[in-house]
Structure formats: C-alpha cells, structure tokens
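Summary of structural features
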Amino acid sequence: MSSLLSRHFSLYTLKNILSLHVIVDYFGSKKLHHISKRTTLASTMFQATGSAPGTSGFINITNLKGGKVGFGAEDNEGKLDATFVKSVKEIPYNISVIQISHPLDSAEAEAPTAPPSDLNLIEIMSKQGCKAFADLLKATGADKTFNQNLDAGLTVFCPTDRIVKDFMPKYKNLTASKKKSLLLYHGIPVYMNMQLLKTNTGTMNTLATDGVNNFDFTVDKEDEVVTLDTAVVTAKITGIVKDEEPLIVYSINKVLLPKEIYKPVEAVSAPDEDAEADADAPADSEPADDQTADDDNGVQGLWGKRLVMMALSLCIGVLM
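We now turn to the structure provided with this report. (Residues numbered from 1 in each chain as written. Predicted model: local features only at pLDDT ≥ 70, side-chain atom pairs only at ≥ 80, totals over all residues. Heavy atoms only, no water.)

This part takes up helix H8 (residues 161-171). For H8, the set of buried residues is Ile163, Val164, Phe167 and Tyr171. Buried positions in H8, seen along its axis, are confined to an arc of 85 degrees and lie on one side of it. In this structure, H8 carries Arg162, Lys165 and Pro169 as exposed residues pointing more than 90 degrees from its buried face. Against the buried residues of H8 lie helix H6 (131-140), strand S6 (154-159), helix H9 (176-184) and strand S12 (247-252). (Buried < 20%, exposed > 50% of the residue type's maximum accessible area, 1.4 Å probe, protein only. Helix = DSSP H or I, 4+ residues; strand = E, 2+ residues; numbered from the N terminus. Arc of directions from axis to C-beta. Contact = heavy atoms within 4.5 Å.)

Okay, here's the thing in structure tokens:
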C-alpha cells in the first residue's frame, strides 16, 4: 500500500480508491481462474455508490497465461495493474477476500474529491432540541474532542433538553474531569448510521475510552428499537437529529451514565426503571444503609415461619 499512501490523497479520495477494490459480486479463487471467455467486467462499490462517472467503477478481470489472473480499472486504457496472489478467506457465496499484487490505478477514483460542506456540531445540536447538551460540551471544552474526530467519522448520542435539565442536579455534583468524561461518553469515533448500528450490535468504545478506563457501552436491538446499555442505565434512540456523512447525531431518552462514574445496576430478573434511578449515585460514594428494608425482611421471615407452622397443624388435625 506504500505506493498509494505516498501520494497523500485526501480522506475522501482514498474512500473512492478503496471502494474500487470491493467487487459487488462473489469471486472466489476457483471462479477467478475459470472466467467465461477468459475476461469479464465486474462492478465495484465505487460504481454502485454513484460516485464513479460512466463505467469507471468497473474493473476488468482477465485470465492470463500460466494460470495468472489480472485486474485493471475499466478507465485504465486496458492495463492490468495487478495480479492474483492468493485467497485470504472465502465464505461461499457470501464473501471472498483475495490478495493482489498492487493497488488498482484509476484516474477517476484518484481525482480530487471535495469534502462535505462544513459541519458545525454545536450549531446543529442547538437548533435541533439538544442545546442544553451542546452548551455543556462548550463549557467543558469537550466540543474540541468531538470536532477533532469529525472528519474521520463521528456518531453522537444527544439527550434532549428536558432530559439534560432533569439530570443537572446530579451533573453538578461531579468533578470537572468526570463531567468531561461523561460528555465524551456520548460520542463514538466512527460514523454509524442506523443500519450499521442494527447490524453491529455489541460493545462500543467511546470518545472517553482510554488506556486505563473502558468507558464503553453495549448496543442492542429489539425489533426496530436500538438501545444503549451502560450497565447503569439503558437508553433508547428516539430519533435522528442530523445524518450527513461523516457525522450522525441521534437523540436519546436518557443521559448515558458510565459505570466508571456511577454504580452499575445489579442483574435482576426483570428490568426496573426505579433500579436505574437508584443507580444514579456516584460510584465512589458509599451505599446508604437501609435498616427499614432489613426490618421488613425480618418481619416477612417471621410471618412466613408462622404460616408454615399453622399449615402443618391443620394437616395433622385433618389426618387425626
């Protein structure tokens, strides 16, 4: 890849070049070495996305002498820049990963590509019901970290203004560093549209993730509802505020509380929103003693023993 990287293409041009290397059809090693009429044209992601002018998103696959297979872009004057090296992984007939000798050259894919229009994250959120969250980002300087990740791809989960307002008493009790970590916890350093979230459920790192603390959460899907489980709260995605690659902003119905700051909810047989509310105490605070609960348990235990004794007495009376 050094011959490609040394040319210092922009991120957006690199996306076009790489998409030229993904064929939207299955070509395993066997199929590549038995091309009908020894040559064929195959469509790529560059063509399928509509970014390629004309047929420049097609590549020529040709069987050569000595059992070799050549590859070349359709707009490359018939030149076959690369040859088949080996099969890396094949899952017939879903996906095939093959190694080729060189990157494919294409004047159209390598043409300068304009970046998307400038995206102002704070302005976007402020106009779409997330002004309170945007103001917190600015106040803590967390917005700088969000903006630094914008070009490479960014997913933001934004609690609406009412949710943030209700959370403010708890937020004010946090230290400055914990406030910033909590806010960074609402961002993923990659663009994840709704389809990607639904098909890539599992643990996600966030902008708050570092070498010491995980600051991750679990993305899950039930029917068409996508949830974010932090082990402290489970929030639902309620809408899309902005979707313009490389940025997507979702609205959520709860502030995401990381387990590194707040106490995780212990596993229970059924979800209980009250249990989530109880977990809002900071993780470094000591749990309060609940003497009432202990007393109630003792009373319940005593009555339980009396009921058992009464039932046994009745049974003995019937038998006699």
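Taken as a whole, this structure holds 10 salt bridges when the rule is applied. Of the charged contacts, one joins Glu110 and Arg7 as a salt bridge, the two residues approaching to 2.9 Å between their closest N and O atoms. With Glu110 in the loop between strand S5 (95-100) and helix H5 (121-127) and Arg7 in the loop between helix H1 (2-5) and helix H2 (11-19), the pair connects residues that are 103 residues apart, well separated along the chain. Overall, Arg7 belongs to the partly exposed group, its relative accessible area being 42%. Of the charged contacts in the structure, one is a salt bridge between Lys15 and Glu245, with a shortest N-O distance of 3.0 Å. Remark: Glu245 occurs in the loop between strand S11 (234-244) and S12 and Lys15 occurs in helix H2; sequence separation between them is 230 residues. Here the salt bridges do not stand alone but share partners, grouping Arg7, Asp105 and Glu110 into one network. (Salt bridge = Lys/Arg side-chain N within 4 Å of Asp/Glu carboxyl O.)

There is a patch of nonpolar side chains on the surface, built from Val88, Ile91, Ile95 and Val97 and spanning about 320 Å² of accessible area. At the level of secondary structure, the elements contributing two or more residues to the nonpolar patch comprise strand S4 (82-91) and S5. Position of Ile91 among the secondary structure elements: in strand S4. Taking relative accessible area as the criterion, Ile91 reaches 38% and is therefore assigned partly exposed. (Patch = residues over 30% accessible without salt bridge, like charges linked within 9 Å, V, L, I, M, F, W, Y side chains within 5 Å. Areas by Shrake-Rupley, 256 points an atom, 1.4 Å probe, with all protein chains shown as cover.)

This part is about the pairing of strand S10 (residues 225-229). Alignment of strand S9 (residues 217-222) against S10, held across 5 bridges, turns out to be antiparallel. Residue pairing in the sheet places Asp220 in a bridge with Thr227 of S10. The sheet contact formed by S10 and S11 spans 3 bridges and is antiparallel. In the sheet register, Leu228 faces S11, and the bridge partner there is Ala235. Here S10 hands over to S11 after 4 residues, with Ala231 in that stretch at a positive phi of 80 degrees. (Pairing = 2+ DSSP bridges.)

Spatial strand order, S1-S2-S3-S4-S5: 5 strands in an open sheet with antiparallel pairing. Each of the sheet's edge strands pairs with one partner strand only, and the pair in question is strand S1 (39-43) and S5. Each neighbouring strand pair of the sheet contributes to a mean axis angle of 40 degrees, computed without reference to strand direction. With 2 bridges joining them, strand S3 (residues 69-73) and S4 adopt antiparallel strand pairing. Across the sheet, the residue bridging to Gly70 is Thr83, located in S4. (Axes fitted to C-alpha atoms, helices over the stretch in contact; angles between N-to-C directions.)

These values are about where atoms sit, not about what they do.
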